[in-house]
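For reference, the chains in residue letters:
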Amino acid sequence: MMTSTTQNRNLFQNKGFRKLLAAAFWLGMWQLAYLTVKQEILIVSPVRVLQRLFELSQSGEFWLTALLSMLRILEGFLFGLIFGNILAVLTSVSRMMYDIFHPVISIIKATPVASFIILALVWIPSPHVPAFTSFLIVTPIVWANVVNGIKKTDHNLLQMAACYRFGLIKTIKRVYLPSIMPYFIAACTTGMGLAWKAGIAAEVLAVTPLSIGRQIYNSKIYIETDDLFAWTVVVVTMSVILEWLMVRFMKTVGQKYNIVQ
Amino acid sequence: MEINHLTKLYNGKTVLDQFSVQLPSSGTVCLFGPSGCGKTTLLNCIAGLEPFDSGEILGTGNLKISYLFQEDRLLPWISARDNVAAVLVGSARYNAEQAKNWLQLVGLADAENRMPAELSGGMRRRVAIARALAFGGDLFLMDEPFQALDAECKEEMIALLEEKTADALKIIVTHDFQEAQMLADVIYVLDGPPVKIIDTITKKHA
């Protein structure tokens with residue numbers, strides 16, 4: 001009896017087991033909601049979603065659609081990372097640049113995504129709207145986090161680097177980059193999730209051909225709730241996998257070059 | 001080296017007020033005084049890390065200055081060895097070898113791969129000493145250099161310091177008078193702020 005209790009306690013201390021338990025709990029809640037409502041037009045069962053996913057995955061178009069959506073969102077995400085970082089460095093070294101860009105970034109942060117998408121549809125060809133929207137969402141997040149990381153770099157370490165004649169490159173590599181990395185990784189994880197949300201919303205509004213957004217739009221038109229759920233699962237899964245791969249990649253590279261602890 | 005009429009205000013408070021002193025080109029000068037009297041600010045001004053409001057510091061322009069800060073200021077994301085190697089100029093392999101040698105001299109040969117967070121206060125201090133010595137220089141600024149070290153270790157570090165910096169000028173800040181007496185050729189007894197010299201003791205290895 002005692003051994004069994006200890007074993008259970010050890011099991012609950014296992015992070016993987018706890019996560020599995022949480023997933024099982026929410027799947028159970030979902031199934032319960034389905035059994036309560038019992039209208040497939042409002043909510044479909046997890047089993048039906050899995051079944052629909054399996055059916056969809058049999059066609060090449062499913063994989064091509066998922067791949068193209070991912071590429072569009074990654075394109076916007078990567079440009080957001082690059083532009084956000086450049087902007088962060090510029091606004092950190094020049095007060096004037098900060099004063100110029102800060103209001104623009106604040107406006108972008110506060111403006112509803114839908115407004116951007118509709119404006120973008122007017123300004124640029126519709127196939128580029130999802131990437132552009134993801135870019136607009138990611139840039140302020142990266143900018144704000146990296147600027148914060150630069151600001152919070154330990155002044156004592158910067159003095160030490162100056163005194164021991166590190167020079168610019170070594171100071172960036174040895175002091176700034178390791179200080180900024182936790183903020184940058186946080187920006188990447190938040191930005192990745194939001195890039196998917198905004199990018200898919202843009203695909204829905206732009207009705208982009210061969211896109212997950214288009215499939216979601218069709219599921220609304222034809223009231224195919226199972227398709228809506230299935231494509232949503234695809235988005236969530238891809239977002240989580242990409243986020244995991246990205247963080248793992250950054251940590252591996254960062255540890256190799258001693259910029260991540 | 002000459003400090004003439006140095007004045008520095010810090011947050012509206014006068015830390016240095018027309019402070020002047022002449023220092024030799026080698027040997028050990030101890031600045032002895034109570035905490036908060038402005039000794040560290042004076043060292044920062046000499047190191048060029050803090051601007052001053054008026055006055056001048058002559059004779060430091062061509063000097064290579066090595067500064068052992070009051071805090072260890074080790075980079076927390078790299079090992080003890082890499083912290084020492086970071087101040088060296090050369091190939092990565094050469095720097096790593098040199099860093100290992102310096103760590104051996106301060107008695108930390110076994111700790112070269114450990115991160116600063118994995119070291120005790122005394123060990124971190126010794127890494128900081130190894131780093132300052134490895135960087136070398138004509139002028140060593142040392143702010144409470146032997147804090148967190150036990151008596152035996154302190155003696156070893158003093159011997160090492162004297163051996164490796166024989167030709168350099170060392171300005172050591174301390175509030176331990178015994179330490180000052182042991183190390184200094186000249187002790188300036190300070191008070192403040194603003195920093196002023198209230199006594200000068202010339203003493204070689206009492």
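Residues numbered from 1 in each chain as written. Chains lettered and ligands numbered in written order. Predicted model: local features only at pLDDT ≥ 70, side-chain atom pairs only at ≥ 80, totals over all residues.

Visitor: How should I be thinking about the overall build of chain B in this particular structure?
Guide: Regarding its fold elements, chain B presents six helices and nine strands. In terms of its C-alpha atoms, chain B occupies a principal-axis envelope of roughly 45 × 35 × 30 Å. Considering chain B as a whole, with its 206 residues, one finds that 43% of them fall into the buried category. Residue pairs at least 24 apart in sequence account for 71% of intrachain contacts in chain B once pairs closer than 6 positions are excluded. (Helix = DSSP H or I, 4+ residues; strand = E, 2+ residues; numbered from the N terminus. Buried ≥ 20, exposed ≤ 12 C-beta atoms within 10 Å, placed from the backbone. Contact = placed C-beta atoms within 7 Å.)

Visitor: I tried to follow the environment of Met246 of chain A on my own but got confused; where do I start?
Guide: Along the chain, Met246 of chain A turns up in helix α11 (residues 225-256). Residue contacts for Met246 of chain A: discarding those within four places in its chain leaves Cys188 and Met192 of chain A.

Visitor: I'm lost on the sheet that holds strand β2 (residues 13-22) of chain B in this one. Help?
Guide: Note: strands within a sheet are paired through backbone hydrogen bonds, in either parallel or antiparallel orientation. Residue and element names in this part refer to chain B. Pairing is antiparallel in the open sheet, where three strands are placed in the order β2-β1-β4. With partners counted over all chains shown, the strands left at the sheet margins are β2 and β4 (54-58), one partner each. If you compare each strand with its neighbour and ignore which way they point, the axes differ by 25° on average. Across four bridges, strand β1 (residues 2-10) lies against β4 in antiparallel orientation. Note on β4: the bridge partner recorded for Ile3 is Ile57. (Pairing = 2+ DSSP bridges. Axes fitted to C-alpha atoms, helices over the stretch in contact; angles between N-to-C directions.)

Visitor: Can you help me understand the domain arrangement of chain A in this one?
Guide: Quoted interface sizes are often the accessible area lost when the parts come together. Here the domain parsing of chain A yields domain 1 (1-38) and domain 2 (44-256). A separation of 32 Å is found between the C-alpha centroids of domain 1 of chain A and domain 2 of chain A. (Domains from an automatic or database assignment.)

Visitor: Please clarify how the nonpolar core should be interpreted in this entry.
Guide: Looking at soluble globular proteins, one finds that nonpolar side chains tend to be buried together. One finds Val146 of chain A together with Cys30, Val84, Ala130, Ala134 and Leu141 of chain B to be the most contacted residues of the largest nonpolar core, which totals 117 residues. The biggest single contributor to this core is helix α9 (residues 167-206) of chain A, with 17 residues. (Core = buried A, V, L, I, M, F, W, Y, C linked by C-beta atoms within 7 Å.)

Visitor: Where do I start with the interface of chain B and chain A in this structure?
Guide: With 14 residues of chain B at the contact, the number on the chain A side is twelve residues. For the side of chain B that touches chain A, the residue count by class is eleven nonpolar, no polar and three charged. (Nonpolar A, V, L, I, M, F, W, Y, C, P; charged D, E, K, R; others polar.)

Visitor: Sorry, what's going on with the confidence of the model for chain B here?
Guide: Do not read the fine detail of predicted coordinates wherever pLDDT is low. The predicted model of chain B has a mean per-residue pLDDT of 89, with 99% of residues at 70 or higher. The ipTM value of the predicted complex is 0.90, and its pTM value is 0.84. (pLDDT = per-residue confidence, 0-100.)

Visitor: What is the right way to look at the sheet that holds strand β5 (residues 65-68) of chain B in this model?
Guide: Residues and elements named next belong to chain B. Taken together, six strands build an open sheet; the order of strands is β5-β6-β7-β3-β8-β9 and the sheet is mixed. Every interior strand has two partners, whereas the edge strands, β5 and β9 (196-202), have only one. Within this sheet the neighbouring strands show an average axis-to-axis angle of 15°, counted without direction. As judged from the four bridges shared by β5 and strand β6 (residues 139-143), these two strands associate in the parallel manner. Residue pairing across strands places Leu68 opposite Met142, the latter belonging to β6. Contacting β5 and β6, helix α4 (residues 121-135) crosses the sheet at an angle of about 175° to β5.

Visitor: Explain the packing of α9 of chain A against α11 of chain A here, please?
Guide: Axis angle and axis distance: for two packed helices, these are the angle between their axes and the distance between the axes, and together they describe the pair. All names here are of chain A. Two elements in contact, α9 and α11, have axes whose closest approach is 10 Å; the angle formed by their N-to-C orientations is 160°. By the criterion of interaxial angle, the relationship of α9 to α11 is roughly antiparallel. The two elements α9 and α11 meet at a crossing, and its hand is right-handed. Here α9 contributes Met181, Ile185, Cys188, Thr189, Met192, Gly193, Trp196 and Ile200 to the contact with α11, which in turn contributes Val235, Ser239, Leu242, Glu243, Met246, Val247, Met250 and Gly254. Per-class residue counts for the contact of α9 with α11 are eleven nonpolar, four polar and one charged. (Parallel < 35°, antiparallel > 145°, perpendicular 65-115°, else oblique. Left-handed = near helix turned anticlockwise from the far one by under 90°.)

Visitor: Any chance you could explain the pairing of β6 of chain B here in plain terms?
Guide: A regular strand carries its side chains on alternate faces of the sheet. Residue and element names in this part refer to chain B. Most of β6 sits inside the fold, with four of its five residues counted as buried. Strand direction decides the pairing type here: β6 and strand β7 (residues 169-174), joined by five bridges, are parallel. Counted as the bridge partner of Met142 is Ile172 from β7. Taken together, β6, helix α5 (residues 151-164) and β7 form a β-α-β motif whose crossover is right-handed. (Right-handed = clockwise from strand over helix to strand, strands pointing away.)

Visitor: Help me out: how do you make sense of the pairing of strand β3 (residues 27-32) of chain B in this one?
Guide: Residue and element names in this part refer to chain B. Within β3, five of the six residues are buried, leaving the element largely enclosed by the surrounding structure. Two strands pair when backbone bridges link them, and β3 and β7 are joined in this way by six bridges, in the parallel orientation. Residue pairing in the sheet places Cys30 in a bridge with Ile172 of β7. Note that β3 and strand β8 (residues 186-191) share four bridges and pair parallel. Across the sheet, Val29 pairs through a bridge with Val186, a residue of β8.

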